[in-house]
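# Topology and contacts: notes
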Amino acid sequence: MARAADPSATTAVAPMPVPGVLRAGTTIDVEFSQAASSRTSKSGDLVALKTVGDVRGVQNELLIPAGSPVVAEVIQASPARMMGKAGELTLAARYVEVGGTRITLKRFRFGTGNGKDNTGTTMAATALIGLPGMLISGGNVDVAVGARANAVVVSDTPLGAPAPALAPAPASAATVSTTTETNQPTGGL
């Protein structure tokens, strides 16, 4: 026998988006769920992020719940090199996923994409101490888990719209066979 749910029990339920339109140009604040580095990342790697807060529409309707998955892609990564050359890391926001819908993003901003450039230090050290000064390398770009960034929605996107009603199926002509039996004597006497 099934028991009724206890109304006093509380369970955490993720908020669901409601019907509305996410407008092009909307800024979405995100947080890195996975680290990225100019030292270890490769071009084409995907990096996991998530939305920081709820994104609401013009009538305060919930369009994107906080914690929705966001994906960025490593476009270019170069580790720091000798002679003070800084590492470089370029990421592009690709999309945020809400209820199975992928919303395309652009203009990803997370801070500097270049590590510390030590070229001047390298030149000065080389002038003072000679060849060992050329072994000074630049800094790498390291983006830690929890680092904040933002991206912008590319185009107007309807979200949370109810599924369209299905038209009733046409009645099919079913073939019905009937058999009639009679208790009539057959044959003659």
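### A word on the overall build of the chain
The number of helices and strands found in the chain is one helix and 12 strands. Taken across its 189 residues, the chain has 30% of its residues classed as buried. Put simply, 66% of the contacts in the chain that link residues at least 6 apart link residues at least 24 apart. Accessible area for the chain stands at about 12500 Å²; split by element, carbon and sulfur atoms hold 56% of it.

### Observations concerning the confidence of the model for the chain
Predicted coordinates in regions of low pLDDT should not be interpreted in detail. Summing up the model confidence of the chain, the mean pLDDT is 73 and the portion of residues at 70 or higher is 57%. Confidence drops under pLDDT 50 across residues 130-137; counting only partners more than four residues distant or on other chains, this segment forms 21 contacts. Ignoring residues within four places in sequence, the model shows residues 162-167, a span with pLDDT below 50, making one contact including any to other chains.

### Comments concerning unusual backbone geometry
Unusually for a residue other than glycine, Asn 60 sits at a positive phi of about 65°. Its place among the elements puts Asn 60 in the loop between strand S5 (55-56) and strand S6 (62-64).

### Focus on the sheet that holds strand S2 (residues 27-32)
Here we have six strands rolled up into a closed barrel, ordered S2-S4-S7-S8-S9-S11, and antiparallel in their pairing. Strand-to-strand twist across the sheet, computed as the mean angle between neighbouring axes with direction ignored, equals 40°. Bridge count for strand S7 (residues 69-78) against strand S8 (residues 88-98) is eight bridges, and the pairing is antiparallel. Considered in S8, the bridge of Glu 73 is made with Ala 92.

### Things to note about the pattern of salt bridges
A complete count under the given rule lists seven salt bridges for this structure. For Glu 31, the salt bridge is made with Arg 148, and the minimal N-O distance between the two is 3.0 Å. In this pair, Glu 31 sits in strand S2 while Arg 148 sits in strand S11 (residues 148-153), placing the two residues 117 residues apart along the sequence. Here Glu 97 and Arg 102 are joined by a salt bridge, their closest N and O atoms 3.6 Å apart. Residue Glu 97 is classed as partly exposed on the basis of its relative accessible area, which comes to 27%. Taken together, the shared-partner salt bridges connect Glu 31, Lys 50 and Arg 148 into one network.

### As for the side chain of Thr 157
Examined against the element boundaries, Thr 157 turns out to sit in strand S12 (residues 157-159). Looking at Thr 157, its side chain comes within polar contact range of the main-chain oxygen of Ser 155, at 2.9 Å. When near neighbours in sequence (up to four residues on either side) are disregarded, Thr 157 contacts Gly 20, Val 21, Leu 22, Thr 101 and Ile 103.

### A short note on the nonpolar core
The tendency in soluble globular proteins is for nonpolar side chains to be buried side by side. Counting 28 residues, the largest nonpolar core has Phe 32, Ile 64 and Phe 108 as its most contacted members. For this core, the secondary structure elements donating two or more residues are S2, strand S4 (46-51), S6, S7, S8, strand S9 (101-109) and S11. Broken down by element, this core gets its largest block of residues, five residues, from S8. For Phe 32, the contacting residues outside a window of four places in its chain are Val 47, Ala 48, Leu 49, Leu 91, Phe 108, Phe 110, Val 143, Ala 144, Val 145, Gly 146, Ala 147 and Ala 149.

Definitions and limits used
- Sequence order sets the numbering: in each chain, residues are counted from 1 along the sequence as written.
- In keeping with the predicted nature of the model, local features appear solely for residues at pLDDT of at least 70, side-chain atom pairs appear and are counted solely at 80 or more, and the whole-chain, interface and lining totals rest on all residues.
- Just so you know, side-chain values use all the structure's heavy atoms and leave hydrogens and water out.
- What counts as a helix is a DSSP run of H or I of at least four residues, what counts as a strand is a run of E of at least two, and both are numbered from the N terminus.
- Think of it in three bands: residues with accessible area under 20% of the maximum for their type are buried, residues over 50% are exposed, and the middle band is partly exposed, with areas taken using a 1.4 Å probe on protein chains only.
- In what follows, a contact means two residues having at least one pair of non-hydrogen atoms within 4.5 Å.
- To be clear on the numbers: accessible area is Shrake-Rupley with a 1.4 Å probe, and residue cover counts the displayed protein chains and nothing else.
- Across the chain, each position has a pLDDT score giving the predictor's confidence in that residue, from 0 to 100.
- Two strands make a pair as long as DSSP finds a minimum of two bridges between them.
- To get an axis, fit a line to the C-alpha atoms, keeping to the stretch in contact for a helix; angles then go from 0 to 180 degrees between the N-to-C directions.
- Salt bridges are defined as contacts in which a side-chain nitrogen from Lys or Arg sits within 4 Å of a carboxyl oxygen from Asp or Glu.
- Here a polar contact is taken to be a pair of N or O atoms separated by no more than 3.5 Å, where protein atoms must pair a possible hydrogen donor with a possible acceptor and residues adjacent in sequence count only if both atoms sit in side chains.
- We define a nonpolar core as any set of buried Ala, Val, Leu, Ile, Met, Phe, Trp, Tyr and Cys residues linked to one another through side-chain atoms lying within 4.5 Å.

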